[in-house]
Number of protein chains: 2
Amino acid sequence: MVNYPNGLKKTWIASQSPTTFADRGMNLEKDINTTNTYYLSMDRAVIHKKPTPVQIVKVDYPKRSAAKITEAYFKIPSTTDYNGIYRGKYLDFEAKECQSKTAFSLSYIHPHQLTHLEACMRHGGICFLIFRLSHYNTDYLVDAKLLIDYVKQLKRKSIPYSWIRENGHIIPRYYGRPIHYLEIVDKLYFKDEEDMHESKQEEKKDQQ
Amino acid sequence: MVNYPNGLKKTWIASQSPTTFADRGMNLEKDINTTNTYYLSMDRAVIHKKPTPVQIVKVDYPKRSAAKITEAYFKIPSTTDYNGIYRGKYLDFEAKECQSKTAFSLSYIHPHQLTHLEACMRHGGICFLIFRLSHYNTDYLVDAKLLIDYVKQLKRKSIPYSWIRENGHIIPRYYGRPIHYLEIVDKLYFKDEEDMHESKQEEKKDQQ
């Protein structure tokens, strides 16, 4: 384990917090960020993680050094964590790391986030969710409409992994792109497009 | 002046900080947020402000109350403040409140942000900047390409207002939409589209 420069352990949030899930999914977040940086460097897509929403209450301004926030609180996000542009389309998704062995608890998704995804879809965006089933070391991309329709008729408060396996698409891992979700996005959302030529050229570029 | 519930003055950031501009443009931000909420409620567009990027260093977890961030710092944003989807298109912009009487200093825009806007444009996004000339009580929308091309050949470190007036478009203000920038977006970026009918219907809906 690598310590922070200030000597804090990487796990300090998770170990002290029974109720916060700020540190859950940090590995997934890291992998998505790495992949997004790759996409950006190849000029394939512009997709960023939004900053964690924080309510700032108190700020100190010490002389000759940076402003220091001394009191702030986590806010409930009203949108998803990731959005951007790919092949001319607006793209929006949420990513969740699932620690359970059997099902994903819906308590980890805020209702606002599903409402947000629905709104983005109505306006023509490409919307999906990424689930990392940590115990099985597999990442799935699930179309947002499919998931929302399923959740609406769901009686229990969790999504069984069997449903994710049936309806999701396994996201491939490559060197430099630990979670290459755009490969699935191409297959799912651009299959009808005529610009297959362009796509193939991009894939070639990627493989270099 | 209205105080915060904790008794702090609204101006506490600006008055204590010679180097931070976190509080500058708060009125503009408020107006854009109000307008975006209106767009969302009318299902006209899904556009949100990204949270302020903050580097969280220390978090306390008091028993039976919310996690409290006790040490954090402002980070330099790598993207713009606003993005979303409108009429099927990815939309991305930065907004700046200008206090000077004659020119906008480029020191208030991070080079990353212009690079980000350029990347979004390459991928087919609608990109622009909003300038509020506070002293003249007027808001302008300036196309990002126009601005970036201008900045690249600029020798000084500021944009004279005369340039903004010549190349920008005055953004109208309406009740409930204090900065109705989508009206300009329609004129600038959708003029060639054939779905004028749809647009007119939307405007009618807006005026109701």
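Refer to the structure printed above.
The model shown is predicted, which means the values in this text are computed figures rather than measured ones.

**Here's the deal with the interface of chain A and chain B**
- Of the residues lining the interface, 44 residues belong to chain A; the matching set on chain B comes to 44 residues.
- Across the chain A to chain B interface the summed buried area is about 3,900 Å²; carbon plus sulfur atoms make up 66%.
- Area buried by chain A at its contact with chain B is led by Tyr-61, Ile-69 and His-123 of chain A, which between them contribute 18% of it.
- Applying the counting criterion to the chain A and chain B interface returns two salt bridges.

**Notes on the side chain of Glu-97 of chain B**
All names here are of chain B.
- Summarising the element assignment, Glu-97 is placed in strand S5 (residues 89-98).
- One buried charge, Glu-97, has no salt-bridge partner; the nearest side chain with opposite charge is Arg-132, at 4.7 Å.
- One polar contact links the side chain of Glu-97 to the main-chain amide nitrogen of Leu-28, over a distance of 3.1 Å.
- A polar contact is formed between the side chain of Glu-97 and the side chain of Ser-134, at a distance of 3.5 Å.

**A word on the sheet that holds strand S1 (residues 45-49) of chain A**
All names here are of chain A.
- The six strands lie next to each other as S1-S4-S5-S7-S8-S10, forming an open sheet whose pairing is mixed. Strands at the two margins of the open sheet, each flanked by one partner only, are S1 and strand S10 (169-170).
- Those strands touched by helix H4 (residues 144-152) are strand S7 (126-133) and strand S8 (138-143), and its axis lies near 80° from that of S8.

**Structural notes on the pattern of salt bridges**
- All told, the structure shown has 18 salt bridges over all chains when counted by the stated rule.
- Residue Arg-132 of chain A pairs with Asp-31 of chain A through a salt bridge whose shortest N-O separation is 2.8 Å. Here the residue Arg-132 of chain A occupies a position in strand S7, and Asp-31 of chain A occupies one in helix H2 (residues 26-41), the gap between them amounting to 101 residues.
- The exposure class of Arg-132 of chain A is buried, given its relative accessible area of 8%.
- One salt bridge connects Arg-122 of chain B with Asp-43 of chain A, and the closest N-O pair in it is separated by 2.7 Å. One end of the pair, Arg-122 of chain B, is in helix H3 (residues 111-122); the other, Asp-43 of chain A, is in the loop between H2 and S1, on a second chain.
- Within the structure, one salt-bridge network assembled from shared partners comprises Asp-31, Arg-132, Asp-139 and Arg-173 of chain A.

**Topic: the packing of aromatic side chains**
- Under the criterion given, the structure shown has 25 aromatic pairs over all chains.
- An angle of 80° between the planes, with centres 5.5 Å apart, marks the rings of Tyr-39 of chain A and Tyr-181 of chain A as edge-to-face. Of this pair, Tyr-39 of chain A sits in helix H2 while Tyr-181 of chain A sits in the loop between S10 and helix H6 (182-189), and the two are 142 residues apart along the sequence.
- Tyr-39 of chain A sits in the buried class, given a relative accessible area of 1%.
- Here Tyr-86 of chain B and Phe-190 of chain B contribute two aromatic rings whose centre-to-centre distance is 5.7 Å and whose plane-to-plane angle is 85°, an arrangement assigned as edge-to-face. Remark: Phe-190 of chain B occurs in the loop between helix H6 (182-189) and helix H7 (196-207) and Tyr-86 of chain B occurs in strand S4 (residues 82-86); sequence separation between them is 104 residues. The two residues Tyr-86 of chain B and Phe-190 of chain B agree in class, both being buried.
- Feature note: the residues Tyr-38, Tyr-39, Tyr-82, Phe-93, Phe-128, Tyr-181 and Tyr-189 of chain A constitute an aromatic cluster, connected by ring pairs.
- Between Arg-165 of chain A and the ring centre of Tyr-136 of chain A, over which it is positioned, the NZ or CZ distance is 4.8 Å.
- Above the plane of the ring of Phe-190 of chain B lies Arg-87 of chain B, whose end atom (NZ or CZ) is 4.3 Å from the centre.

**Side note on H2 of chain A**
Residue and element names in this part refer to chain A.
- Its 16 residues give H2 an end-to-end C-alpha distance of 22 Å, which sits within 8% of 22 Å, the value for a rise of 1.5 Å per residue.
- Those residues of H2 that fall on the buried side of the exposure criterion are Leu-28, Ile-32, Thr-35, Asn-36, Tyr-38 and Tyr-39. Down the axis of H2, the sector holding all buried residues measures 155°, keeping them to one side. Away from the buried face of H2 by more than 90 degrees, exposed residues Lys-30, Thr-37 and Ser-41 are located.
- One or two positions beyond H2, positive phi appears at Asp-43, with a value near 55°.

**Considerations on the sheet that holds S5 of chain B**
Residue and element names in this part refer to chain B.
- Across the sheet, six strands lie side by side as S1-S4-S5-S7-S8-S10; this open sheet has mixed pairing. The open sheet terminates on both sides in strands that have one partner only, identified here as strand S1 (45-49) and strand S10 (169-170).
- Where strand S8 (residues 138-143) lies against S10, two bridges are found, and the strand directions are antiparallel. Among the inter-strand pairings, Tyr-140 is bridged to a residue of S10, identified as Ile-170.
- Contacts between H3 and the sheet are confined to S5 and strand S7 (126-133), with S5 contributing the most and set at about 155° to the helix.

**A closer look at the nonpolar core**
- The biggest cluster of nonpolar side chains holds 54 residues, and the ones touching the most others in it are Ile-159 and Ile-164 of chain A together with Ile-159 and Ile-164 of chain B.
- Excluding anything up to four places from it in sequence, Ile-159 of chain A contacts Ala-103, Phe-104, Leu-106, Leu-147, Tyr-150, Val-151, Leu-154 and Ile-164 of chain A.

**Thoughts on the relation of the copies chain A and chain B**
- Between the two copies, chain A and chain B, the superposition gives an RMSD of 0.0 Å; the rotation angle is 180° and the shift along the axis is 0.0 Å. Look at the turn and shift together and you get a two-fold axis relating the two.
- A shared interface surface links the copies, since 100% of the contact residues of chain A are contact residues in chain B too.

**A word on the pairing of S1 of chain B**
Residues and elements named next belong to chain B.
- Summarising burial for S1: four of the five residues are buried, a large majority.
- As judged from the five bridges shared by S1 and S4, these two strands associate in the antiparallel manner. Following the sheet pairing, Ile-47 is matched in S4 by Gly-84.

What counts, and where the lines are drawn
- Residues numbered from 1 in each chain as written.
- Chains lettered and ligands numbered in written order.
- Predicted model: local features only at pLDDT ≥ 70, side-chain atom pairs only at ≥ 80, totals over all residues.
- Heavy atoms only, no water.
- Contact = heavy atoms within 4.5 Å.
- Buried area = accessible area lost by both parts, 1.4 Å probe.
- Salt bridge = Lys/Arg side-chain N within 4 Å of Asp/Glu carboxyl O.
- Helix = DSSP H or I, 4+ residues; strand = E, 2+ residues; numbered from the N terminus.
- Buried < 20%, exposed > 50% of the residue type's maximum accessible area, 1.4 Å probe, protein only.
- Lys, Arg positive; Asp, Glu negative; His and termini not counted.
- Polar contact = N/O pair within 3.5 Å; in protein donor to acceptor, adjacent residues only side chain to side chain.
- Pairing = 2+ DSSP bridges.
- Axes fitted to C-alpha atoms, helices over the stretch in contact; angles between N-to-C directions.
- Phe/Tyr/Trp six-rings, centres within 6.5 Å; stacked < 30°, edge-to-face > 60°.
- Lys NZ or Arg CZ within 6 Å of the ring centre and 35° of its normal.
- Expected span 1.5 Å × (residues − 1).
- Arc of directions from axis to C-beta.
- Core = buried A, V, L, I, M, F, W, Y, C linked by side-chain atoms within 4.5 Å.
- Least-squares fit on C-alpha atoms with pLDDT ≥ 70 in both.

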